[in-house]
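Examination of the molecular architecture
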Amino acid sequence: MEHRRICRATGLLALVGAAQGFVTAPLPRRATSSRAAASASARLRMSSQETDKETPRYYGPNATPLLDTINCPADMNRLSIADLKQLSYELRWDVLSAVSKTGGHLGSSLGVVELTVALHYVFDAPEDKIIWDVAHQAYPHKILTGRRDRMPTLRQKDGLSGFTKMCESEYDAFGAGHSSTSISAALGYSVAKSVLGKSKNNCIAVIGDGAITGGMAYEAMNNANYLEARMITILNDNGQVSLPTGQPSAGGIVPVGALSATTSKMLSSSEFKDFRDVLKGISGLMPKEMQNVNAKIDEYARGIVSGGTLFEELGYYYIGPIDGHDLDNLVPILENLRDTPSNKPVLLHIKTEKGMGYPPAMKASDKMHGVAKFDLATGKQMKGKGAKAPSLTSVFANELIKVATDDRSVVGITAAMPGGTGMDLFGRRFPSRTYDVGIAEQHAVTFAAAMAAEGLKPFCCIYSTFMQRGYDQVVHDVVIQGLPVRMILDRAGLVGNDGPTHHGSFDLAYMGCLPNIVIMAPSDELELMNMIQTAYGIDDMPSVVRYPRGTGYGIEKLNSLFNYKLDEMPEKGKAVEIGKGRIIREGRSKAKTQVAVLSIGTRLGQALEAANTLEESDPDLGVTVADARFMKPLDIDLLRKLAKENSVLLTVEEGSIGGFGDHVLHFLAGDGALDNGTLKVRPMVLPDAFIETAAQSEQYDAAGLNAKHIASTMARLLDPEKHPTIVEVTQQLELTTITKKSEATVA
């Protein structure tokens, strides 16, 4: 190889070889590194009146004169490197100020401020495509691309998305939310530009050390070399896997990103240098031909340890690692890559610090990855009063811990989401039985399948939306082979501020169409405990437990709403009979008209509130409410009873078309319950549209699945003349989607 990595006092710089078609230009040494300047400028002013040394207070600039002049990236063209450093300082504080008022992904955005400034200074977006993997780190990008005035609406209803979104801005080259997609997208853009004969072809994928663990990233890299595509992949290595949870790996296992830190220490360690020096001394006594071979071995030793050889074997020209906060070097390197005529794909490896420039974030174990609103002066988050009931995620984790305490064959698996799935809690108790496989849902499912085949009892814990990525393995490796993998789908239904990319809308549909599988959905925290015990006992087929983001009800509400009569929560759950639902509320026995609501999942509480409202408004109406518990197998005895004893049957679920309601309708039609026209059946599901970012309660209101919607749907079925049938919820959602797309097109 003609190119070499050259180490200097200011850091490791990468110079490119002319033999590869790249511009070779040594970078001038600066008296003060950009990182040092950034650290100094980002060092927050501490209050002179501060007396509590344990609680320092931090303040940003009083004005942002440079940032105020930037309405689009082209406005940066006139700036010097010194100006870019000042702009970075102001931009970092603008991100902090905005997120302190809305909450959101903070640490990852603070870590890429200098990179964002450099990319928009060097490249000509939107013609040049800058693609952010996951895109939770894209807040600085949004501010520099004309959306600064809308940052107060970040992750709010009718506001800015927390991720990149093509219909939001022409500068958002590709939408994101899930990980490991950026390299494929950049490759697609690059090939398309070549096919279309465009003379300008700069496509940049920015991917983190967490996202690059996803197999799709390597599939794209393998293909990029084959296609000889001109593209740049920037590996943002911050030593902490920057995932949507921002949690360290379960059970104390080192995050994938820490590999780089470990190898860097190894390369710079005296032991490694002494070892190489000894080998060089021996090599000097050998023939020249052997010395050349040894030199090659030395290069590969460094490459294998640092990661460069891996990318080079994939056909990439590897540069790095370099300091991602050092604009003095980052800008010229990006300019060289922009101006090279080569079509060889390049990987630029940069080192950044998550939470850079804000001490409370830099000191936090998760670098304040995802935050609620917070006090900018102290970093203290405003999470409100503690919930009266635990989160459903923690209920699951604690129940699984109880199961695993009695059975050493129980293991937990997650795909880089330990904090979001509760595997962090399980991992602290059972570190040797906790497996965080990285962003690799396909691998997680097949890994679990083989464990089950060998006799373990794996609980594979993945968000509903992310299980979509492992669906083929669910079918091919788990269900067809009948292996008892327990699939735990957290974040089922609507999730709130993360929006369409994170909703768990489709699992009842995509799991429900598979044969020989048990699918459960608890209505509350007690039922969740029971269903974990139920899943534990299923040893002859796969099973699914799906539940939403949020908290339980607490004992007081469980007793008043569900009539549980609990003095305290039980120590552990109790398995329920598979395929058997339950009637929670019997309709008024002497009422002239009997109707029923059959719910699955946590809409049961809303169904009970609707039933109370309906009976209070009509003394001649009796409303029965049942909890299906299981989608597969359906409780056919319960269905036949409800169909026989009621004139109207509503099904309610937190899922899309094709789910529970469709299975109920299919059974009733096949069973002849609809033949004589005496039974009206209506499924209530999520609308056939993507529901945008908003609070979770606002989203369910928009979806038409709250108590008032259940009551009004029942009222229309009972008296169509008084309550005409309308479909305004779906129509309004579709109209909003079309309007937003039209506005984006016009803009």
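Cut-offs and rules
- Residues numbered from 1 in each chain as written.
- Predicted model: local features only at pLDDT ≥ 70, side-chain atom pairs only at ≥ 80, totals over all residues.
- Heavy atoms only, no water.
- Phe/Tyr/Trp six-rings, centres within 6.5 Å; stacked < 30°, edge-to-face > 60°.
- Helix = DSSP H or I, 4+ residues; strand = E, 2+ residues; numbered from the N terminus.
- Buried < 20%, exposed > 50% of the residue type's maximum accessible area, 1.4 Å probe, protein only.
- Lys NZ or Arg CZ within 6 Å of the ring centre and 35° of its normal.
- Axes fitted to C-alpha atoms, helices over the stretch in contact; angles between N-to-C directions.
- Parallel < 35°, antiparallel > 145°, perpendicular 65-115°, else oblique.
- Contact = heavy atoms within 4.5 Å.
- Nonpolar A, V, L, I, M, F, W, Y, C, P; charged D, E, K, R; others polar.
- pLDDT = per-residue confidence, 0-100.
- Left-handed = near helix turned anticlockwise from the far one by under 90°.
- Salt bridge = Lys/Arg side-chain N within 4 Å of Asp/Glu carboxyl O.

**Remarks on the packing of aromatic side chains**
Across all of its chains, the model carries 12 aromatic pairs by this definition. Ring centres of Trp93 and Tyr358 lie 6.2 Å apart, and the angle between their planes is 85°; this geometry places the pair in the edge-to-face category. Of this pair, Trp93 sits in helix 2 (residues 81-102) while Tyr358 sits in the loop between strand 10 (346-351) and helix 13 (359-363), and the two are 265 residues apart along the sequence. A relative accessible area of 0% places Tyr358 in the buried class. Members of the aromatic cluster, connected to one another through ring pairs, are Tyr58, Trp93, Tyr358 and Phe374. Cation over ring: Arg433 sits above Phe430, and NZ or CZ is 4.3 Å from the ring centre.

**Things to note about the packing of helix 2 against helix 5 (residues 139-147)**
As a packed pair, helix 2 and helix 5 sit with axes 10 Å apart at the nearest point and diverge in direction by 105°. Taken together, the axes of helix 2 and helix 5 lie roughly perpendicular to each other. The residues of helix 5 that touch helix 2, namely those facing Leu91, Asp94, Val95 and Val99, are Tyr139, Pro140, Ile143 and Leu144. Looking at side-chain class alone, the contact of helix 2 with helix 5 contains 7 nonpolar, no polar and 1 charged residues.

**What to know about unusual backbone geometry**
Cis rather than trans, the peptide bond between Gly320 and Pro321 has omega equal to 0°. With respect to the helices and strands, Pro321 occurs in strand 9 (residues 317-323). With omega at -5°, the peptide bond leading from Lys632 into Pro633 counts as cis. Summarising the element assignment, Pro633 is placed in the loop between strand 21 (630-632) and helix 24 (636-645). Although it is not a glycine, Asn563 adopts a positive phi angle of roughly 60°. Considering the arrangement of structural elements, one finds Asn563 in the loop between helix 22 (555-562) and strand 18 (582-585).

**Details of the environment of Leu621**
Mapped onto the elements of the fold, Leu621 is located in strand 20 (residues 621-627). Residues Leu621 and Leu718, spaced 97 residues apart in sequence, show a C-alpha to C-alpha distance of 9.8 Å. In contact with Leu621, other than residues within four places in its own chain, are Arg588, Ala591, Thr593, Val595, Leu614, Glu615 and Leu718.

**Looking at the confidence of the model for the chain**
For the chain, per-residue confidence averages 84 on the pLDDT scale, and residues scoring 70 or more make up 79% of the total. In this model, residues 242-270 is a region of pLDDT below 50 whose contacts with residues beyond four sequence positions or in other chains number 65 contacts. Scored below 50 in pLDDT, residues 296-302 makes 9 contacts in the model with residues more than four places away or belonging to other chains.

**Examining the packing of helix 14 (residues 392-406) against helix 21 (residues 525-536)**
With their axes 9 Å apart at the nearest point, helix 14 and helix 21 run at an angle of 40° to one another. Comparing their axes, helix 21 and helix 14 come out oblique. Crossing geometry of helix 14 relative to helix 21 is assigned as right-handed. Taken together, the residues of helix 21 that come into contact with helix 14 (itself represented by Leu392, Val395, Phe396, Glu399, Leu400, Lys402 and Val403) are Glu525, Leu528, Met529, Ile532, Gln533 and Tyr536.

**Some points on the pattern of salt bridges**
On inspection of all chains with the given rule, the structure shows 34 salt bridges. For the salt bridge of Lys142 with Glu168, the shortest nitrogen-to-oxygen distance reads 2.7 Å. Pair noted here: Lys142 is in helix 5 and Glu168 is in the loop between helix 5 and helix 6 (182-195), with a separation of 26 residues, a long-range link. Note that Asp407 and Lys457 form a salt bridge whose closest N and O atoms lie 3.5 Å from each other. Here the residue Asp407 occupies a position in the loop between helix 14 and strand 12 (410-414), and Lys457 occupies one in strand 14 (residues 457-463), the gap between them amounting to 50 residues. One exposure class covers both Asp407 and Lys457, and it is buried. The network of salt bridges with shared partners includes Asp524, Glu527, Arg582, Asp627 and Arg629.

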